[in-house]
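# Observations on chain architecture
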Amino acid sequence: LKPPKYFIDRQYKEKTLSEFKVGYCDNKTKPFYDRIVVPQIDEDGYIIACLGRSVHEKCPHCKEFHNPEGICRTFPKWKNSDNFPSYNALYNFYNAKKTIDDTGLIIITESSANTWRLHEAGFPMTVGTFGSKFSDAQKSVLDSSLAQTIIVVPDAGQPGQILVKHVQEHCQYTHNIITISPSYEDDIGKC
């Protein structure tokens, strides 16, 4: 599995992308064609879904993430496997759980790329929420660990504020919560 150039260009280590089994789909017959494929592993270690990130940036005309050499069309930045209820899972929980249990600490981010960046920085207890929401089901996943302290590393702006609010609403009576105030412009993954 060759690490995708898109994330190599964003200064992610090949080793990290390989550890997380991140690849690129170049098969035109597959639903994740022209996307970086990120597998989602359940609590038992099985791949249950994939997320696909477009390798293209936002089109200045239609605001979609399609190949700029093609015609404007619907092509969202992220696409999940059909029927994958992302609100029921935490990205990287399977890999992070032992460290979470050993340290009593969990770091919550909004995305897989943020999780990889913190993993590279020496924080293997990091998980992602697949966006700015933190659901009851994600709280149940969290409660299956021995986490006592939550560190929220939000994206800058309103989506990050929403994540912080949701984590506080769900966990204020059960966990110590520390929130990092973003000094970065976008997200920790771009730092």
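Everything quoted here is computed from the prediction, not taken from an experiment. (Residues numbered from 1 in each chain as written. Predicted model: local features only at pLDDT ≥ 70, side-chain atom pairs only at ≥ 80, totals over all residues. Heavy atoms only, no water.)

### Some remarks on the sheet that holds strand 6 (residues 126–128)
Backbone hydrogen bonds are what pair the strands of a sheet, in a parallel or an antiparallel way. Pairing is parallel in the open sheet, where 4 strands are placed in the order 6-5-7-8. Each edge of the open sheet is held by one strand with a lone partner, namely strand 6 and strand 8 (176–179). Direction aside, neighbouring strands of the sheet carry axes that sit 25° apart on average. Pairing geometry for strand 5 (residues 105–109) and strand 6, over 3 bridges, is parallel. When the bridges of strand 6 are listed, I107 appears paired with T126. (Pairing = 2+ DSSP bridges. Helix = DSSP H or I, 4+ residues; strand = E, 2+ residues; numbered from the N terminus. Axes fitted to C-alpha atoms, helices over the stretch in contact; angles between N-to-C directions.)

### With respect to unusual backbone geometry
Phi at Q11 takes a positive value of approximately 75°, unusual for a residue other than glycine. If you trace the backbone, Q11 turns up in the loop between helix 1 (5–9) and helix 2 (14–19). Judged by its relative accessible area of 61%, Q11 is exposed. (Buried < 20%, exposed > 50% of the residue type's maximum accessible area, 1.4 Å probe, protein only.)

### Digging into the packing of aromatic side chains
This model, assessed by the stated rule, comprises 8 aromatic pairs. Here the aromatic rings of F7 and Y12 are separated by 5.4 Å at their centres, their planes lie at 85°, and the arrangement is edge-to-face. Y12 sits in the buried class, given a relative accessible area of 3%. Connected via pairs of aromatic rings, a cluster forms that spans Y6, F7, Y12, F20, F84, Y91, W116 and F130. The ring of F75 carries R35 above its face, with NZ or CZ at 4.1 Å from the centroid. Of note, K79 hangs over the ring of F32, and the distance from its end group to the ring centre comes to 5.6 Å. (Phe/Tyr/Trp six-rings, centres within 6.5 Å; stacked < 30°, edge-to-face > 60°. Lys NZ or Arg CZ within 6 Å of the ring centre and 35° of its normal.)

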